[in-house]
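Listed below, chain by chain, are the residues.
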Amino acid sequence: MVLLIGFGIGYCIYSYRYQEIIIFLVVGMIMMAGMFAVTVVEDICDTLAEKISDL
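Residues numbered from 1 in each chain as written. Predicted model: local features only at pLDDT ≥ 70, side-chain atom pairs only at ≥ 80, totals over all residues. Heavy atoms only, no water.

A. Structural view of the overall build of the chain. Counting secondary structure elements, the chain contains two helices and zero strands. Taking 10 Å as the expected radius of gyration for a compact globule of 55 residues, we find that the chain reaches 18 Å, considerably beyond that expectation. Taking the principal axes of the C-alpha coordinates as reference, the chain spans close to 60 × 15 × 10 Å. Counting every position in the chain, which comprises 55 residues, the buried fraction comes to 13%. (Helix = DSSP H or I, 4+ residues; strand = E, 2+ residues; numbered from the N terminus. Rg over C-alpha atoms; globule rule 2.2 N^0.38 Å. Buried < 20%, exposed > 50% of the residue type's maximum accessible area, 1.4 Å probe, protein only.)

B. Summary view of the pattern of salt bridges. The full count for this structure, using the stated rule, is one salt bridge. The shortest N-O distance in the salt bridge between glutamate 20 and arginine 17 comes to 3.9 Å. On the basis of relative accessibility, which here comes to 34%, the residue glutamate 20 falls in the partly exposed class. By relative accessible area, arginine 17 is classed as partly exposed at 38%. (Salt bridge = Lys/Arg side-chain N within 4 Å of Asp/Glu carboxyl O.)

Set out below in C-alpha cells:
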C-alpha cells in the first residue's frame, strides 16, 4: 500500500497534477499513523500477556 501511494505521488508529479499530491500525502500519513498505533497496541498486549503468564 505504501508503494502504491509512492507510485501515485510519482505519477502526479509526472503528469503535473500537484493538487492531487496532497490527497496522497494525507492518505499516507493516515496509514503511517494507523500502523504506528497497531504497533503500540501490539506491544502493550504482549507486555500484558507476559505479566499475566508470570502470575
